[in-house]
Amino acid sequence: MVDDERMIRWSIQQALSKDGHSVAAVETGEEAVAQASDEMPDLVFLDITLPGIDGVEVLRRLKSIEPSVSVVMVTATDDVKTAVEAMRLGAYDYVSKPFDLDRLRVIAQNALDRHDLRQEVEFHRKESVKKYGFHRIVGVSKRLSDVVEIARKVARSEAATVLLQGESGTGKDLLAQAIHYESRRANRPFIPINCTALPTELLESELMGHEKGAFTDAKAGKKGLFEVADGGTIYLDEIGDMKVDLQAKMLRFIETKTFKRVGGHRDIEVDVRIIAATNKDLPGAVRSGAFREDLFYRLNVIPIEMPALRERREDILPLADHFLALLNHDVKREVPGFTPETLSALREYDWPGNVREMRNLIERGLILGEGEYLEIRPSSGLAGRQSPKVPANTEGGMDRGAAGTAAGTTVGTTDTETVGAGVDPHTGATGGGIAAMFTLPSRGVVLEEVERSFIVQALEMQGGNQTKAAELLGLTRDALRYRMKKFELL
Ligand SMILES: Nc1ncnc2c1ncn2[C@@H]1O[C@H](COP(=O)(O)OP(=O)(O)OP(=O)(O)O)[C@@H](O)[C@H]1O
Ligand SMILES: [Mg+2]
């Protein structure tokens, strides 16, 4: 409380102390600035007419010490013009003398609530940066550092559109989040939109919203994601898969940052940054006509290429250590490191599924492996297990991310269906490791053929002894005979 009139100081101090606030009262602007630089109060009541530096100047100085401080100006009745100027300088409100103490108490409470809210927002923003910032991106290579450096500049810039290209699993999502959460947009939404997931009509109302009555059950208007994202970032993931008819609408939106709700006529303008990502060859898609050239150029303002992991091998071991620590925690294990063989295998592997593949591999190894040190072999899933003979074509692939297989013959992800003919995963000695050993070839299989082939192999290995063959397959002898009949082997 800054006022040269003793009575005013006293009455405000009384009223606010009763509400539980602790109030310091000073007579001059100089004293106020000196005290505030020791400790800034949450709220300042500031008289405009003071003996030394005047209230407006005090306001300026307080704001330069702490821009978020809330200041309520106290004015003589004829001084409203100055009060308005003070508001322009960032004062929160003003009260004219003589004032009603109750009104003053309400103003104080509102200003303090707002102060708390701001602190809370700032707290969450800092938490988000901790959770999603650039520090999450692990790696030591020059290629990666260059990418991160560009992304940091982009984050500081206002709203430049970014096009992230790179193979599946290279960290595009991670980078997009970091750009958002380390920009001034951080306390507004980050809205990821998967461009493949929805059919065009649905996607359109999802993105642009709709007006009341736009279709039969549109009983009320609804904001779309473009509106929700106002002030924040829209992440258009898998942009290369966007249908051509939607591309035209997207082009208009990106050019003008305006759109119309479905069934609406007015243009709605929003302030958003667009980050688009794809693991497709977008220039190629432009050449083949699958992607609009004008849209490509609109998006390609700041192109960022995420390098494949095999092009930055120095990152392999730091990433492996990072995931070991992270996933140990998640799966409640305390594996201290990798076996030497594993380390060299990790280093030499080509990582077609990039960082995601490594993460999955280490997670699987931690869940299934039992040794003190982590033993994994990237080319064949879990090491240390006897691989049964498998049909040609299924060797060599472990977890290949969705798009990393242009040249490969096998596609397998962690959720690939097990191709283990007749092997009961619950009884087989191989147990949960089976999925790691057999991967489904991209051209597919006829499951019955695989099953038949395994039965024949088991019988051959056991010299035709059905009981022993059944054991190898995790079946009872009767269950084996039933299948042999089915396949006309009996
Ligand atoms: N440099 C990195 N440091 C730490 N984790 C990473 C890094 N790069 C990728 N990851 C992790 O790898 C996984 C895959 O990354 P992300 O989802 O960002 O890939 P993407 O490029 O978007 O792949 P897709 O094209 O398939 O969508 C995530 O779990 C991510 O956290
Ligand atoms: Mg992604």
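Now for a look at the structure at hand. (Residues numbered from 1 in each chain as written. Chains lettered and ligands numbered in written order. Predicted model: local features only at pLDDT ≥ 70, side-chain atom pairs only at ≥ 80, totals over all residues. Heavy atoms only, no water.)

Moving on, we get to the packing of aromatic side chains. Counted by the stated rule, this structure contains eight aromatic pairs. With a centroid separation of 3.8 Å and an interplanar angle of 5°, the aromatic rings of Phe226 and Phe253 are classed as stacked. Of the two residues, Phe226 sits in helix 9 (residues 225-228) while Phe253 sits in helix 10 (residues 244-256), which places them 27 residues apart along the sequence. A relative accessible area of 0% places Phe226 in the buried class. Relative to Trp351, the ring of Tyr349 lies with its centre 4.7 Å away and its plane at 85°, an arrangement referred to as edge-to-face. Cluster of aromatic residues (ring-pair linked, three or more members): Tyr132, Tyr181, Phe190 and Tyr235. (Phe/Tyr/Trp six-rings, centres within 6.5 Å; stacked < 30°, edge-to-face > 60°. Helix = DSSP H or I, 4+ residues; strand = E, 2+ residues; numbered from the N terminus. Buried < 20%, exposed > 50% of the residue type's maximum accessible area, 1.4 Å probe, protein only.)

What follows covers the pattern of salt bridges. A full pass over the atoms with the stated rule returns 31 salt bridges. Taking the shortest distance from any N to any O, the salt bridge between Arg9 and Glu27 comes out at 3.9 Å. Placement of Arg9 in helix 1 (residues 6-18) and of Glu27 in the loop between helix 1 and helix 2 (29-38) is noted, with a sequence separation of 18 residues between them. Overall, the relative accessible area of 41% leaves Glu27 in the partly exposed class. (Salt bridge = Lys/Arg side-chain N within 4 Å of Asp/Glu carboxyl O.)

Within strand 1 (residues 43-47), five of the five residues are buried, which leaves it mostly tucked inside the rest of the structure. In this view, the connection linking strand 1 to its parallel neighbour strand 2 (residues 70-76) by way of helix 3 (residues 55-65) has right-handed handedness. (Right-handed = clockwise from strand over helix to strand, strands pointing away.)

In this section: the pairing of strand 2. A regular strand carries its side chains on alternate faces of the sheet. By the criterion of burial, strand 2 is predominantly enclosed, with six of the seven residues buried. Where strand 1 and strand 2 come together, five bridges link them in parallel fashion. Residue pairing in the sheet places Asp47 in a bridge with Val74 of strand 2. (Pairing = 2+ DSSP bridges.)

Any link to function would need more than the numbers given here.
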